[in-house]
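Coordinates in review
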Amino acid sequence: MNAIAQMTTTVLQVSGLRVELAGQVDVLSGVSFSLEAGEILGLVGESGSGKTTLATALLAHARRGAQIVGGQVHVAGQALLGLEGEALRRARGSLIGYVAQDPATALNPALRIGSLLDETLAVHQLRLDKAAQRQRIIETLRDVGLPDDPQFLRRFPHQLSGGQQQRVMLALAFVLQPRLIVLDEPTTALDVTTQAHILATLRRLCKSQGVAAVYVSHDLAVIKDLVDRVMVMYAGRIVETATRDALFSRPSHPYTRGLLAAIPDVAGRRELRAIGGHAPAPGQRPQGCGFGPRCERFRAGCSQQEPLLQPLSPGHEVACLAPHGQPLQRIALAPIAAVDARTDKALLEISGLNVAYDRQVLFDVSLQLLPGECLALVGESGSGKTSLARAVAGLGENAEGELRYAGQPLPLQARQREAGLRHQIQYIFQNPYRALNPRQTVYQTLSAPLEHFFAVKGSAARERVEAVLKRVSLPASVGELYPHSLSGGERQRVAIARALLCEPKLLICDEITSALDVSVQASILDLLRQLQRDGLTLLFVTHDLGVVRAIADRVLVLKVGRVVEQGAVDSVLDQPQAAYTQTLLEHSPSLG
Amino acid sequence: MSKTRISRWLAEPQTRKGALITLLVIAVALFGPLLAPHGSTDMVGPVYGAPTGWALLGYDFLGHDVLSRLLSGGLSVLWMSVAAASIALAVGSTLGLLAGLSRRRLDQLITWLADVSLAFPDLILVLLIVSMLGRAPWLIVLTVSIAFIPGVIRLARASAVAVAGQEFVEAAQMMGYSRRRILFKEILPNILTPLLVHFGNMLTWGVGMLSGLSFLGYGVAPPTADWGLMINENQAGLLVQPWAVLAPAVLIGVFAYGTNILAEGIGRSSARLGEKQP
């Protein structure tokens with residue numbers, strides 16, 4: 001009796017799933033798990049861990065070049081991998097919904113919201129009459145927290161905000177009333193407040209409608225309040241699976257602990273520890289445990305055979321020969337610059353800065369940056385934080401106002417600044433994939449500023465480049481490589497190295513870790529703290545309050561182009577005065 | 001241009017095939033005059049005489065040996081099309097890069113000029129200039145390249161705009177690198193591939209246009225041997241001695257095909273390179 005009841009509530013049953021690239025190189029292997037109705041599973045791992053491959057394999061899809069070669073996926077009792085053509089198309093959508101990462105590109109820009117929903121219902125032939133279809137759409141829109149009036153249905157995706165677009169994606173998935181919904185990092189492009197609202201909506205919908213969900217994320221903090229169970233993936237294997245409480249209170253696999261130790265927490269400043277080394281590329285898995293070469297607890301047995309998932313306690317399985325038993329230790333950390341003790345003259349003074357494109361993005365912003373401190377500029381998208389940083393760097397167009405650098409007036413355009421001044425202010429860009437010229441080797445990229453600013457060439461330049469590569473923890477051999485053979489974190493290090501070669505006094509970092517994995521982020525933040533200790537002044541732009549707590553001495557909160565609050569990090573984050581700061585803090589994901 | 005890029009291109013079978021065909025036609029044009037059994041202007045046989053013995057392709061309208069004229073007549077059309085395409089590439093990409101980076105009045109001026117001349121049919125433009133100023137080879141090359149330049153400008157500008165928005169160009173601007181350095185060292189290498197593909201296409205069009213000009217009587221002056229001219233000269237005898245027309249036409253076609261798939265192959269292998277980049 002009990003068994004039958006359990007049978008009917010199991011929505012997803014995956015066993016022995018294996019996905020291979022050409023040449024029998026596995027990207028996913030031996031994945032088995034099941035999900036009950038209404039259960040939300042968090043699927044966590046860094047880039048390249050196979051989490052997106054697993055998510056799409058649940059829809060019987062593999063990206064080009066990959067192939068699902070073994071295993072079973074049963075959704076609501078139906079075997080999915082055997083389906084083909086029309087039957088498979090019918091199952092996708094009505095049995096399993098999918099919500100993609102970037103709603104801006106996932107929604108067809110030529111179709112109105114109403115048509116998108118109508119079309120989705122029409123292709124799945126639910127045999128609803130017009131009134132029932134309309135009713136279904138209106139209910140779904142209400143469920144996901146969108147307006148249901150005809151004006152809204154006539155809008156195009158580009159007329160909606162990012163959060164609304166993602167809600168439309170949710171509506172498109174839920175309107176078919178699927179049994180399972182797969183979400184691939186649906187909130188990474190969104191602000192924290194919007195993210196928190198979307199996550200709350202998602203949890204409410206799954207619980208009330210009994211829909212099971214697989215939520216893919218690279219950030220454990222984000223999913224902490226959403227999921228019931230967490231599955232951690234590494235190099236195409238499940239390394240740990242546990243209920244939420246068990247995982248966050250007693251993480252057992254060294255990799256899970258490494259991930260948790262790398263996440264900056266808004267609740268308190270603590271040491272961030274990056275996981276050393278790289279995740280293995282497909283086909284380059286080491287013998288035995290895939291995490292072995294990066295593991296602190298590596299022992300002889302680890303390289304002999306691959307550890308299988310073993311139950312540790314009920315509902316907690318881990319694939320490790322020497323799992324940890326203790327909760328994670330958090331190490332507190334002191335800020336570098338003691339803000340109050342400073343009486344130095346400001347390194348950079350901004351007064352009355354206005355920036356306007358087709359609309360005004362910065363209103364009369366004034367701030368001071370003291371030598372040796374790290375000032376964080378915080379705000380949501382559209383707050384003008386990047387415009388402010390670009391104006392300081394001399395990249396801003398349409399900026400007005402006064403900048404003073406070390407007491408001297410600083411022109412607003414980089415071109416008008418003296419070379420002697422220009423090299424002292426350096427800017428590091430958000431996207432490491434576009435910050436380096438793809439047609440130049442790392443050495444060419446790095447030696448150019450040396451020749452330009454200091455007329456250093458030849459072997460002297462080579463020496464300096466090698467020294468700076470060492471400073472950013474990259475091997476000298478990187479110099480001969482082109483950017484496409486580097487990972488995101490390595491590219492960002494090269495970009496930092498390029499800035500360091502200019503011998504800067506002020507380093508502007510524009511969301512430089514937002515495109516990176518948490519562990520890589522931890523190592524970059526560590527590098528920046530190192531640089532700050534060497535006397536560099538940092539202007540750090542970010543939307544992540546956890547990062548602010550980890551790195552900044554002072555923080556300045558921007559809201560739609562105006563400064564709403566500023567002060568020492570701990571006092572602002574612990575006793576926020578402005579209502580906006582309070583909202584931001586409330587919605588920031590935290591491990592605490 | 002690095003070694004790795006060329007070896008990457010040659011990995012594409014289509015590129016190898018295109019390169020082989022193009023090189024064969026170029027070899028015929030280069031070494032042909034040395035191999036020709038007769039001089040290109042020697043009248044050695046009957047008018048429109050059929051192929052016999054050593055005259056594999058027969059004789060043309062004045063009794064020249066077609067094979068000899070064919071072997072001697074490739075050089076002019078090839079060097080002229082290569083020269084025209086090269087000039088167009090150099091001038092057009094410089095202007096296009098300038099337009100793409102400045103994005104202001106200079107951009108508007110260059111784009112406007114390119115648009116106006118694009119609205120003019122290529123061949124008419126060339127015919128107009130050649131009929132007014134004469135038919136010296138360098139003038140023909142220049143006019144053909146002028147006809148090609150607007151297309152190159154449009155392509156270079158569009159590609160440069162896409163690259164100029166990327167952060168590494170902003171980084172260069174912030175460092176205060178000279179405009180020339182940014183144009184030719186930062187942006188140009190990143191738009192070289194579409195430009196080279198376009199260069200291949202221009203070679204094809206150039207051969208076609210030059211042959212067309214010769215055919216219309218505005219190209220290379222007789223009695224010089226030239227593939228395009230040969231088609232024009234011998235059209236009257238097409239039914240009696242088709243080889244005199246077909247042979248140069250086939251070579252022009254083969255060269256066009258070769259350069260075209262060479263360009264296509266290069267385009268393909270770099271598109272594949274793009275796929276790998278996130």
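These remarks concern the structure in this document.

Calculation criteria
- Residues numbered from 1 in each chain as written.
- Chains lettered and ligands numbered in written order.
- Predicted model: local features only at pLDDT ≥ 70, side-chain atom pairs only at ≥ 80, totals over all residues.
- Helix = DSSP H or I, 4+ residues; strand = E, 2+ residues; numbered from the N terminus.
- Expected span 1.5 Å × (residues − 1).
- Bend = angle between axes of the 7 residues up to and from the residue.
- Contact = placed C-beta atoms within 7 Å.
- Buried ≥ 20, exposed ≤ 12 C-beta atoms within 10 Å, placed from the backbone.
- Nonpolar A, V, L, I, M, F, W, Y, C, P; charged D, E, K, R; others polar.
- Pairing = 2+ DSSP bridges.
- Axes fitted to C-alpha atoms, helices over the stretch in contact; angles between N-to-C directions.

**Observations concerning helix H7 (residues 137-164) of chain B**
- With 28 residues, H7 of chain B extends 38 Å from end C-alpha to end C-alpha; this agrees with the ideal 40 Å at 1.5 Å per step.
- Phe-148 of chain B marks the point of greatest bend in H7 of chain B, at about 35 degrees, and the proline Pro-150 of chain B comes within the next four residues.

**A closer look at the environment of Leu-262 of chain B**
- Mapped onto the elements of the fold, Leu-262 of chain B is located in helix H11 (residues 243-276).
- Sequence-distant contacts of Leu-262 of chain B, defined by excluding residues within four places in its chain, comprise Thr-15, Gly-18, Ala-19, Thr-22 and Gly-200 of chain B.

**So, helix H2 (residues 13-35) of chain B**
All names here are of chain B.
- The terminal C-alpha atoms of H2 lie 31 Å apart, and with 23 residues this matches the ideal 33 Å at 1.5 Å per residue to within 8%.
- The principal kink in H2, of about 35 degrees, is found at Ala-29, preceding the proline Pro-33 by one to four residues.
- For H2, the set of buried residues is Thr-15, Gly-18, Thr-22, Val-25, Ala-29 and Gly-32.

**Focus on the interface of chain B and chain A**
- Tallying the contact residues gives 16 residues for chain B and 20 residues for chain A.
- Of all elements in the fold, only helix H8 (167-175) and helix H9 (179-216) of chain B reach the threshold of two or more residues within the side of chain B that touches chain A.
- A class-by-class count of the residues in the side of chain B that touches chain A yields seven nonpolar, five polar and four charged.

**Observations regarding the pairing of strand E1 (residues 10-21) of chain A**
All names here are of chain A.
- As judged from the eight bridges shared by E1 and strand E2 (residues 25-36), these two strands associate in the antiparallel manner. Bridge assignment links Glu-20 to a residue of E2, and that residue is Asp-26.
- Pairing geometry for E1 and strand E4 (residues 66-75), over eight bridges, is antiparallel. Residue pairing across strands places Val-19 opposite Ile-68, the latter belonging to E4.

**Examining the sheet that holds strand E21 (residues 554-559) of chain A**
Residue and element names in this part refer to chain A.
- Read from one edge to the other, the open sheet built from six strands follows the order E18-E19-E20-E15-E21-E22, with strand pairing classed as mixed. Every interior strand has two partners, whereas the edge strands, strand E18 (425-428) and strand E22 (562-568), have only one. Geometrically, the sheet is characterised by an average inter-axis angle of 15 degrees between neighbouring strands, direction not taken into account.
- The sheet contact formed by E21 and E22 spans six bridges and is antiparallel. Note that in E22 the partner of Leu-558 across the bridge is Val-563.

**Quick notes on the sheet that holds strand E14 (residues 360-369) of chain A**
Residue and element names in this part refer to chain A.
- On the basis of which strands lie adjacent, the open sheet formed by four strands has the order E14-E13-E16-E17 and antiparallel pairing. Edge positions in the sheet fall to E14 and strand E17 (408-409), since each of these pairs with one other strand and no more.
- One ladder, built from six bridges, connects strand E13 (residues 348-356) with strand E16 (residues 399-405); its direction is antiparallel. When the bridges of E16 are listed, Glu-349 appears paired with Arg-404.
- In the packing of helix H13 (residues 385-393) onto the sheet, the strands contacted are E13, E14 and E16, and the crossing angle to E13 comes to about 120 degrees.

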